[in-house]
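Residue-level structure breakdown
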Amino acid sequence: GGGGAPPLFVALQAASLLAGLSAELARGGVAGLVTAWRQSDSKVSVLLDPTLHTVVTPSLIGLLWLLMVHLQRHLGALMLSSLLSIGSSPVVLAKGWPVAASALGIIKTPGLEVAALMRMLSVAFAATTASIFVAGGAQNIFVSMAGA
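Read on for an overview of the structure. Computed from a prediction, not measured in an experiment: that's the story for all the values here.

Grouped together as the largest cluster of nonpolar side chains are eight residues: Val10, Ala11, Ala14, Leu21, Leu63, Leu66, Leu71 and Ala77. Looking at this core, the elements with two or more residues in it are α1 (7-27) and α4 (50-70). In terms of residue count, the dominant contributor to this core is α1 (four residues). Residues within four places of Leu21 in sequence aside, it is in contact with Val56, Ser59, Leu60 and Leu63.

Structure below.
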């Protein structure tokens, strides 16, 4: 095969960037920029807004790079990235998670869906962090000790 990043890794990276942009939209940070753009006579002030340059611009540059350089050659990875992005969007999580949690038997009492999701994500993040630490071996331990 050719060099470069593995297609699965690229798909996960693109999905992560899209999920971050979706979360930013749901939080309202980007919506404020759109409103300011429409109402402002000076477009320069909107283009210099820190929200644009700390969240949106880097994510869009990264997505553009992943799409143009990597994902255009791997249709399966592009489809996986699209499905993961759709599945992690705030709208799908808000509407679909309560139904899925009830169907899977994760919750018994309605209204606790968000708490169950947060608990599951916390465990997943902790497990990921621990596995990365263990996979890093001795070098990871030395870096941790030097930082303490």
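Turning to the side chain of His70, a few remarks are in order. Position of His70 relative to the elements: it lies in helix α4. Excluding anything up to four places from it in sequence, His70 contacts Ala5, Val10 and Trp65.

Before going further, it helps to spend a moment on a nonpolar patch on the surface. Residues Phe133, Val134, Ile141, Phe142 and Met145 make up a contiguous nonpolar surface patch of about 540 Å² in total accessible area. Examined against the element boundaries, Phe133 turns out to sit in helix α7 (residues 113-147). Judged by its relative accessible area of 35%, Phe133 is partly exposed.

An ideal rise of 1.5 Å per residue puts 30 Å on 21 residues; α4 measures up with 29 Å between its terminal C-alpha atoms. Largest kink in α4: about 35 degrees, centred on Val56, with the proline Pro58 one to four residues after it. The complete set of buried residues in α4 reads Leu52, Val56, Ser59, Leu63, Leu66 and His70.

With that out of the way, let us pick up the environment of Leu63. Note that Leu63 resides in helix α4. Separated by 83 residues in the primary sequence, Leu63 and Ala146 place their C-alpha atoms 35 Å from one another. Setting aside chain neighbours within four positions, we find Leu63 in contact with Ala14, Leu17, Leu18 and Leu21.

Below, the discussion takes up helix α5 (residues 75-87). Taking 1.5 Å of rise per residue, the 13 residues of α5 would be expected to cover 18 Å, and the 18 Å separating its terminal C-alpha atoms lies within 8% of that figure. Taken residue by residue, α5 has Ala77, Ser81 and Ser85 as its buried positions. Down the axis of α5, the smallest arc covering the buried residues is 70 degrees, so these residues share one side. When the buried face of α5 is taken as reference, the exposed residues oriented beyond 90 degrees from it are Leu75, Gly76, Leu83 and Ile86. Where α5 is buried, its residues touch α1.

Conventions and cut-offs
- Residues numbered from 1 in each chain as written.
- Predicted model: local features only at pLDDT ≥ 70, side-chain atom pairs only at ≥ 80, totals over all residues.
- Heavy atoms only, no water.
- Core = buried A, V, L, I, M, F, W, Y, C linked by side-chain atoms within 4.5 Å.
- Buried < 20%, exposed > 50% of the residue type's maximum accessible area, 1.4 Å probe, protein only.
- Helix = DSSP H or I, 4+ residues; strand = E, 2+ residues; numbered from the N terminus.
- Contact = heavy atoms within 4.5 Å.
- Patch = residues over 30% accessible without salt bridge, like charges linked within 9 Å, V, L, I, M, F, W, Y side chains within 5 Å.
- Areas by Shrake-Rupley, 256 points an atom, 1.4 Å probe, with all protein chains shown as cover.
- Salt bridge = Lys/Arg side-chain N within 4 Å of Asp/Glu carboxyl O.
- Expected span 1.5 Å × (residues − 1).
- Bend = angle between axes of the 7 residues up to and from the residue.
- Arc of directions from axis to C-beta.

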